[in-house]
Amino acid sequence: MADLDNKDQTEMDPADMEDVEEVEEEETGEDNSKARQLTMQMMQNPQILAALQERLDGLVGSPSGYMESLPKVVKRRVNALKNLQVKCAHIEAKFYEEVHELERKYAALYQPLFDKRSDIVRAAYEPTDEECEWKQDEEEELTEEMKEKAKVEEEKKDEEKEDPKGIPEFWLTVFKNVDLLSEMLQEHDEPILKHLLDIKVKFSDAGQPMSFTLEFHFEPNDFFTQTVLTKTYKMRSEPDESDPFSFDGPEIMGCTGCTIDWSKGKNVTLKTIKKKQKHKGRGTVRTVTKTVPNDSFFNFFSPPEVPETGELDEDSEAVLAADFEIGHFIRERIVPRAVLYFTGEAIEDDDDDYDEEGEEADDEEGEEEADEENDPDYEPKV
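Residues numbered from 1 in each chain as written. Predicted model: local features only at pLDDT ≥ 70, side-chain atom pairs only at ≥ 80, totals over all residues. Heavy atoms only, no water.

When its secondary structure is counted, the protein shows 14 helices and 6 strands. Expressed as a percentage of the 382 residues in the protein, the buried residues total 26%. By sequence separation, contacts in the protein at least 24 residues apart represent 58% of the contacts at least 6 residues apart. Counting only carbon and sulfur atoms, one obtains 48% of the accessible surface of the protein, whose full area is about 27600 Å². (Helix = DSSP H or I, 4+ residues; strand = E, 2+ residues; numbered from the N terminus. Buried < 20%, exposed > 50% of the residue type's maximum accessible area, 1.4 Å probe, protein only. Contact = heavy atoms within 4.5 Å. Areas by Shrake-Rupley, 256 points an atom, 1.4 Å probe, with all protein chains shown as cover.)

So this is what it looks like as structure tokens:
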């Protein structure tokens, strides 16, 4: 293995990769631990990885040549199968259209619950004691003494401060708890988002092109005149005639924001900078004031426009791809499960799998280091 690690990159080729793979197969039956160590060392070796990638690149998307060797009469039948596949894609498109109709139906059933949530958050409704009773898990159950102590502490805190209305900064806290959204937030956005009362999802009406609209409801504030900011995502659920086999369900084709009517001096999406300019001939200096774009969550409502040709530059494509991801996430996760993102429980559930993988990786790394130290050919890194 030491010889393999020290092998010069120029000497490494796919043939060498095959030899290494054969060694691993031979040793697997005899000693699983040794095979595992060998595999780990192989995957950390850049020459081996390069050779492996070269072989994989040669496999991906490479026709076997079998189709070309088929008789003409068989090729005709394969074409018939492909035509059947296109029909399957169109049926699948109809399936997703009906799914969209089901979403519309159940959105109407969810909405009264979401409306009540909004009423509680903005202090329009005070829930009853029965509605506030939450049955704790066995792990969370406290002794009567601890419950009494916690109750006294809460009452003491309540006496020390004013009684807050509703659930202050509910949506701002949700945004700050979710990495995908917190990355968009700037410090100057937070005072505005404290006025956010609710986010609603509205689906397109039956018979209309598939779309959904995110409505951000604000209480009256000093930053802009509207109380509702909107973002509409247009979707398509039909195969592309030029490439029907690529169809994999509804996809977002574009989005439209809204114009925010900012109050004077409150537009956080713009900033004013001052630059000094020196005259080449006279040597005099003047100060020029210039307005430039500023990072802000509220740029979310001004997405890049998709031209009729559908062609965008790389930067605009990247912005739109991220925008579509955020729109879907708000619609599918944030709005339905807002309270769990507020408390952090949804985030803990999302992170569980990653934590376990990280722990496994750490364990493997530790085992590898121990094995290396016991290896007589092991040379510590300087």
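Let us keep going from here.
Turning our attention to the pattern of salt bridges. Applying the stated criterion across every chain, the model contains 9 salt bridges. A salt bridge links Lys194 to Glu169; its shortest N-O distance comes to 3.7 Å. Placement of the pair is Lys194 in the loop between helix H11 (190-193) and strand E1 (196-203) and Glu169 in the loop between helix H8 (144-160) and helix H9 (170-177), with a sequence separation of 25 residues. Note on Lys194: relative accessible area 43%, which makes it partly exposed. A residue is classified by how much of its surface remains accessible, and Glu169, at 36% relative accessible area, is partly exposed. Measuring nitrogen to oxygen at the nearest pair gives 2.7 Å for the salt bridge that ties Lys231 to Asp323. Residue Lys231 is located in strand E3 (residues 228-236), and its partner Asp323 is located in helix H12 (residues 314-334); the two are separated by 92 residues in the primary sequence. (Salt bridge = Lys/Arg side-chain N within 4 Å of Asp/Glu carboxyl O.)

Let's shift gears to the sheet that holds E3. The 4 strands lie next to each other as E1-E2-E3-E4, forming an open sheet whose pairing is antiparallel. Each edge of the sheet is formed by a strand with only one pairing partner; in this case those strands are E1 and strand E4 (251-256). Here the strands of the sheet are splayed against their neighbours by 20° on average, with no regard to which way each runs. Sheet analysis places E1 next to strand E2 (residues 211-218), joined by 7 bridges and oriented antiparallel. When the bridges of E2 are listed, Lys202 appears paired with Thr213. (Pairing = 2+ DSSP bridges. Axes fitted to C-alpha atoms, helices over the stretch in contact; angles between N-to-C directions.)

With that settled, the discussion passes to a negative patch on the surface. On the surface, a cluster of negative charge is made up of Glu238, Asp240, Glu241 and Asp243. Considering the arrangement of structural elements, one finds Asp240 in the loop between E3 and E4. Look at Asp240 and you get partly exposed, because its relative accessible area is 31%. (Patch = residues over 30% accessible without salt bridge, like charges linked within 9 Å, V, L, I, M, F, W, Y side chains within 5 Å. Lys, Arg positive; Asp, Glu negative; His and termini not counted. Charge placed at Lys NZ, Arg CZ, Asp CG, Glu CD.)

What follows covers the packing of aromatic side chains. Taken as a whole, this structure holds 21 aromatic pairs when the rule is applied. Geometrically, the ring pair formed by Phe95 and Tyr96 is edge-to-face, given 5.1 Å between the ring centres and 70° between the ring planes. With centroids separated by 5.2 Å and ring planes inclined at 85°, the aromatic side chains of Phe170 and Trp171 adopt a geometry described as edge-to-face. Each of the two residues, Phe170 as well as Trp171, counts as buried. Through successive ring pairs, a cluster of aromatic residues spans Phe175, Phe216, Phe218, Phe224, Trp262, Phe297, Phe298, Phe300 and Phe301. (Phe/Tyr/Trp six-rings, centres within 6.5 Å; stacked < 30°, edge-to-face > 60°.)

Bringing the nonpolar core into the picture now. Phe175, Phe216, Phe297, Phe298, Phe300 and Ile330 are the most contacted members of the largest nonpolar core, which totals 49 residues. The element best represented in this core is H12, accounting for 6 residues. If we ignore the near neighbours within four places in the chain, the residues touching Phe175 are Leu181, Ser182, Leu185, Leu193, Leu196, Ile199, Phe216 and Phe297. (Core = buried A, V, L, I, M, F, W, Y, C linked by side-chain atoms within 4.5 Å.)

With that settled, the discussion passes to the pairing of strand E5 (residues 270-278). Both E5 and strand E6 (residues 285-293) contribute to a ladder of 9 bridges, which runs antiparallel. Across the sheet, the residue bridging to Lys275 is Val288, located in E6. With antiparallel pairing between neighbouring strands as the criterion, E5 and E6 make up a hairpin whose turn holds 6 residues, including Gly283 at a positive phi of roughly 80°.

For H12, spanning 21 residues, the distance from its first C-alpha to its last is 28 Å, which sits close to the expected 30 Å at 1.5 Å a residue. Restricting attention to buried positions, one finds in H12 the residues Ser316, Leu320, Asp323, Phe324, Ile326, Gly327, Phe329, Ile330, Arg331 and Ile334. (Expected span 1.5 Å × (residues − 1).)

Moving on: the side chain of Asp323. Its relative accessible area of 7% is what places Asp323 among the buried residues. Of note is the side chain of Asp323, whose polar atom sits 2.7 Å from the side chain of Lys231. Of note is the side chain of Asp323, whose polar atom sits 2.7 Å from the side chain of Tyr233. (Polar contact = N/O pair within 3.5 Å; in protein donor to acceptor, adjacent residues only side chain to side chain.)

A contiguous nonpolar surface patch, about 430 Å² in accessible area, is contributed by Leu102, Tyr106, Leu109 and Tyr110. As for its position among the elements, Tyr110 is in helix H6 (residues 72-121). Given a relative accessible area of 47%, Tyr110 falls into the partly exposed group.

Looking now at H6. Counted at 1.5 Å a residue, the expected span for H6 with its 50 residues is 74 Å, and the 69 Å between its end C-alpha atoms agrees. Along its length, H6 shows its largest kink, about 35°, at Tyr110, and proline Pro112 lies within four residues downstream of that point. Three or more residues of H6 are buried, namely Ala89, Ala93, His100, Ala107, Gln111, Phe114, Arg117, Ser118 and Val121. Looking at the buried positions of H6, the neighbouring elements they touch are H9, E1, E2 and helix H13 (338-343). Taken from the residues just after H6, Ala123 is the one with a positive phi, measuring 65°. (Bend = angle between axes of the 7 residues up to and from the residue.)

Of note, Ala123 is a non-glycine position whose phi angle comes to about 65°, a positive value. For Glu169, which is not a glycine, the phi torsion comes out positive at approximately 55°.

In this section: the confidence of the model for the protein. Summing up the model confidence of the protein, the mean pLDDT is 76 and the portion of residues at 70 or higher is 65%. No element of the protein has a lower mean pLDDT than helix H2 (residues 14-28), which averages 40, and none a higher one than H11, which averages 96. Note that pLDDT drops below 50 for residues 1-30; the model gives that stretch 37 contacts with residues more than four away or on any other chain. Between residues 353-365, whose pLDDT stays under 50, and residues either more than four places distant or in other chains, the model counts 2 contacts. (pLDDT = per-residue confidence, 0-100.)

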